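# Secondary and tertiary structure notes
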Amino acid sequence: MEPAGSNSLEYFSNAMTVQDAFTVMRTYHLASMLENCLYNAKCTKLHCTKILVPKGLLTRVAQEILKFSFTEPCGLRGCILHVNLECGHKHLALGTLAYDSTVEPTFEVTLVLKRESQLLDHFSDFLIPGTWFPSLFRGILKLSPKFLLTKNSLYFSVGGSEDC
């Protein structure tokens, strides 16, 4: 009898096609890029010390963006992603990401992350000027599991093929 783990590599290779493996890798890479964007914006634009992200949010966002790329001539490589945060009626630009900066963008996606509404949002008179957070909880931003994605094509096809 073989050890329990000896067939795991064989199972992995049989259960997943090469295309599936690339999809998983692209999803992971895009979710990682989003995480880095939030990390960079934490101190520079959001002025907070901690961002609470719902479990699986960045993966779900990455999967939806990947679906957008299926009909694009360069796929995900041609994607420019604008990341924004919605707080009330305002949008704050957190960053712009290029999945592959060596490819001319063929489409852009705008992601709007939403802030989890809290009871303290109703006390906006106590906001510290120049920040998005009540003074008591200035250091913590909690994201909602809800988000909005919009896609915009950046080209007009006339039957030719895009060089990717």
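All figures in this text were calculated on a predicted structure; none of them were measured in a lab.

Counting its regular elements, the protein chain contains 3 helices and 5 strands. Ordered by position in the sequence, the α and β elements of the protein chain form the string α-α-β-α-β-β-β-β. Considering the protein chain as a whole, with its 164 residues, one finds that 32% of them fall into the buried category. Taking all contacts inside the protein chain whose residues are at least 6 apart in sequence as the whole, residues at least 24 apart take part in 76%. Of the roughly 10700 Å² of accessible surface on the protein chain, 57% is carried by carbon and sulfur atoms.

With that settled, consider the nonpolar core. Core analysis: the biggest nonpolar cluster contains 33 residues, and L46, I65, L81, V83 and L94 have the highest contact counts within it. Those elements giving two or more residues to this core turn out to be α2 (18-44), α3 (57-69), β2 (79-87), β3 (90-98), β4 (107-115) and β5 (140-153). Residue contributions to this core peak at 7 residues, all from α2.

Attention now goes to a nonpolar patch on the surface. Nonpolar side chains collect at one region of the surface, where V18, F22 and M25 lie side by side and expose about 310 Å² of accessible area between them. With respect to the helices and strands, M25 occurs in helix α2.

On to the pattern of salt bridges. A side chain of one charge can pair with a side chain of the opposite charge when the charged atoms of the two come close. With the rule as written, the count across this model stands at 4 salt bridges. One salt bridge connects E72 with K151, and the closest N-O pair in it is separated by 2.7 Å. Of the two residues, E72 is situated in the loop between α3 and β2 and K151 in strand β5; the sequence distance between them amounts to 79 residues. When its relative accessible area of 31% is taken as the criterion, K151 is described as partly exposed. In this structure, the salt-bridge partner of K114 is E86, at a minimum N-O distance of 3.2 Å. Pair noted here: K114 is in strand β4 and E86 is in strand β2, with a separation of 28 residues, a long-range link. Its relative accessible area of 21% is what places K114 among the partly exposed residues. A relative accessible area of 23% means that E86 is categorised as partly exposed.

This part covers unusual backbone geometry. The backbone of H47 sits at a positive phi, close to 55°, despite the residue not being glycine. In this fold, H47 is placed in the loop between α2 and β1 (50-52).

Bringing the sheet that holds β3 into the picture now. Ordered in space as β1-β5-β4-β2-β3, the 5 strands form an open sheet in which the pairing is mixed. The sheet is open, and its two edges are formed by β1 and β3, each paired on a single side. The sheet shows a mean angle of 35° between the axes of neighbouring strands, taken without regard to direction. Strand direction decides the pairing type here: β2 and β4, joined by 8 bridges, are parallel. Among the inter-strand pairings, L81 is bridged to a residue of β4, identified as V109. Set on the sheet, α2 makes contact with β1, β2, β3, β4 and β5; between it and β3 the angle comes to about 130°.

Take α3 next. In this model, α3 (13 residues) spans 19 Å end to end at C-alpha, consistent with the 18 Å of a helix rising 1.5 Å per residue. When we look at burial in α3, the residues that qualify are L57, L58, V61, A62, I65, L66 and S69. Buried residues in α3 make contact with α2, β2, β4 and β5.

Rules of the game
Residues numbered from 1 in each chain as written. Predicted model: local features only at pLDDT ≥ 70, side-chain atom pairs only at ≥ 80, totals over all residues. Heavy atoms only, no water. Helix = DSSP H or I, 4+ residues; strand = E, 2+ residues; numbered from the N terminus. Buried < 20%, exposed > 50% of the residue type's maximum accessible area, 1.4 Å probe, protein only. Contact = heavy atoms within 4.5 Å. Areas by Shrake-Rupley, 256 points an atom, 1.4 Å probe, with all protein chains shown as cover. Core = buried A, V, L, I, M, F, W, Y, C linked by side-chain atoms within 4.5 Å. Patch = residues over 30% accessible without salt bridge, like charges linked within 9 Å, V, L, I, M, F, W, Y side chains within 5 Å. Salt bridge = Lys/Arg side-chain N within 4 Å of Asp/Glu carboxyl O. Pairing = 2+ DSSP bridges. Axes fitted to C-alpha atoms, helices over the stretch in contact; angles between N-to-C directions. Expected span 1.5 Å × (residues − 1).

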